[in-house]
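For reference, the chains in residue letters:
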Amino acid sequence: MGLRRDVTPLTGALALVAGGASGLVAIARELGGDDRVVAVVQYLRVGLVTATMPLIVLFIFHPDRSHPTQVTEIASAPWYVSVGLILAISVVGVVLGKLVRLPGAGLLGPMAITVVLEVTGQDLGLTVPSALVQVGYVLIGWQAGVAFTRESLKSVGRAMPWRWRSSRR
């Protein structure tokens, strides 16, 4: 994708990184990439994987359905404690990220603190409430979605693989 005229190498790299779709979209603009292209490619991949994975498991791996699946719940902090911790980690992470000039400090600063807390076992059962996760997805989608214009949609369309053959002729 970075070889396309309409896509910068940074945007192409962020769009093609597997996993972390919402995080990559959120950080793309801050790093100077086109978050619209990143969003389209990342979520197109998520949709394709989500749609094809059950078929791959069914036809290639032949799952054993004779044993019931057991789900175990992990103890977590109450939602109000988690929200307070999330706010504290966010504020401290952004401030520290900017102090050390971390690229994408708004995302990577809090993420670094969370990783350190998790690895050291000091996470206090922190879990992000599902309502907050959904609000985050809506805000990230809205941020990328309102930036689309007719020209940006044409640019994204030209960068998609189904256009590569016709654009090379």
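- An unreviewed UniProt entry lists the protein under the name Membrane protein AbrB, with Mycolicibacterium tokaiense given as the organism.

### Here's the deal with the overall build of the protein
- Within the protein one finds eight helices and zero strands.
- When its helices and strands are written in sequence order, the protein yields α-α-α-α-α-α-α-α.
- The globule rule puts the C-alpha radius of gyration for 169 residues at 15 Å, and the 20 Å found for the protein is more than 25% above it.
- Summarising its shape, the C-alpha atoms of the protein cover approximately 60 × 55 × 25 Å along the three principal directions.
- Of the contacts formed within the protein by residues at least 6 apart in sequence, a portion of 61% connects residues at least 24 apart.
- Of the roughly 11900 Å² that the protein leaves accessible, carbon and sulfur atoms contribute 68%.
- The centroid of the 15 positive side-chain charges in the protein is displaced by 17 Å from the centroid of its 9 negative side-chain charges.

### Side note on the environment of I113
- By the element assignment, I113 lies in helix α5 (residues 105-120).
- When the C-alpha atoms of I113 and L96 are compared, they prove to be 9.4 Å apart, with 17 residues separating the residues in sequence.
- Apart from the residues within four sequence positions on either side, I113 is in contact with I89, V92, G93 and L96.

### Overview of the UniProt feature "transmembrane region" (unreviewed entry) in the protein
- Mapped onto the present numbering, the UniProt feature "transmembrane region" (unreviewed entry) falls at residues 12-31, 43-62 and 77-97.
- Along residues 12-31 the backbone is 80% helical and 0% strand, and the end-to-end C-alpha distance reaches 13 Å.
- Between the first and last C-alpha atoms of residues 43-62 the distance is 27 Å; the span itself is 95% helix and 0% strand.

### Focus on the side chain of S82
- For S82, the position within the fold is in helix α4 (residues 79-99).
- Under the relative-accessibility criterion, S82 is labelled buried at 0%.
- A polar side-chain atom of S82 sits 3.0 Å from the main-chain carbonyl oxygen of T127.
- If we ignore the near neighbours within four places in the chain, the residues touching S82 are A77, G125, L126, T127 and P129.

### Here's the deal with the packing of helix α2 (residues 21-31) against α5
- Running from N to C, α2 and α5 cross one another at 130 degrees; their axes reach a closest spacing of 9 Å. Taken together, the axes of α2 and α5 lie oblique to each other. Contact residues: G23, I27 and E30 in α2; A105, G106, L107 and L108 in α5.
- The residue inventory of the contact of α2 with α5, partitioned by class, reads four nonpolar, two polar and one charged.

### Some words on the environment of L55
- Its location among the elements puts L55 in helix α3 (residues 35-61).
- With relative accessibility at 47%, the residue L55 sits in the partly exposed group.
- Along the sequence, L55 and L85 sit 30 residues apart, while their C-alpha atoms lie 40 Å from each other.

Rules of the game
- Residues numbered from 1 in each chain as written.
- Predicted model: local features only at pLDDT ≥ 70, side-chain atom pairs only at ≥ 80, totals over all residues.
- Heavy atoms only, no water.
- Helix = DSSP H or I, 4+ residues; strand = E, 2+ residues; numbered from the N terminus.
- Rg over C-alpha atoms; globule rule 2.2 N^0.38 Å.
- Contact = heavy atoms within 4.5 Å.
- Areas by Shrake-Rupley, 256 points an atom, 1.4 Å probe, with all protein chains shown as cover.
- Lys, Arg positive; Asp, Glu negative; His and termini not counted.
- Charge placed at Lys NZ, Arg CZ, Asp CG, Glu CD.
- UniProt positions renumbered as here; feature names shortened; annotations may be inferred.
- Buried < 20%, exposed > 50% of the residue type's maximum accessible area, 1.4 Å probe, protein only.
- Polar contact = N/O pair within 3.5 Å; in protein donor to acceptor, adjacent residues only side chain to side chain.
- Axes fitted to C-alpha atoms, helices over the stretch in contact; angles between N-to-C directions.
- Parallel < 35°, antiparallel > 145°, perpendicular 65-115°, else oblique.
- Nonpolar A, V, L, I, M, F, W, Y, C, P; charged D, E, K, R; others polar.

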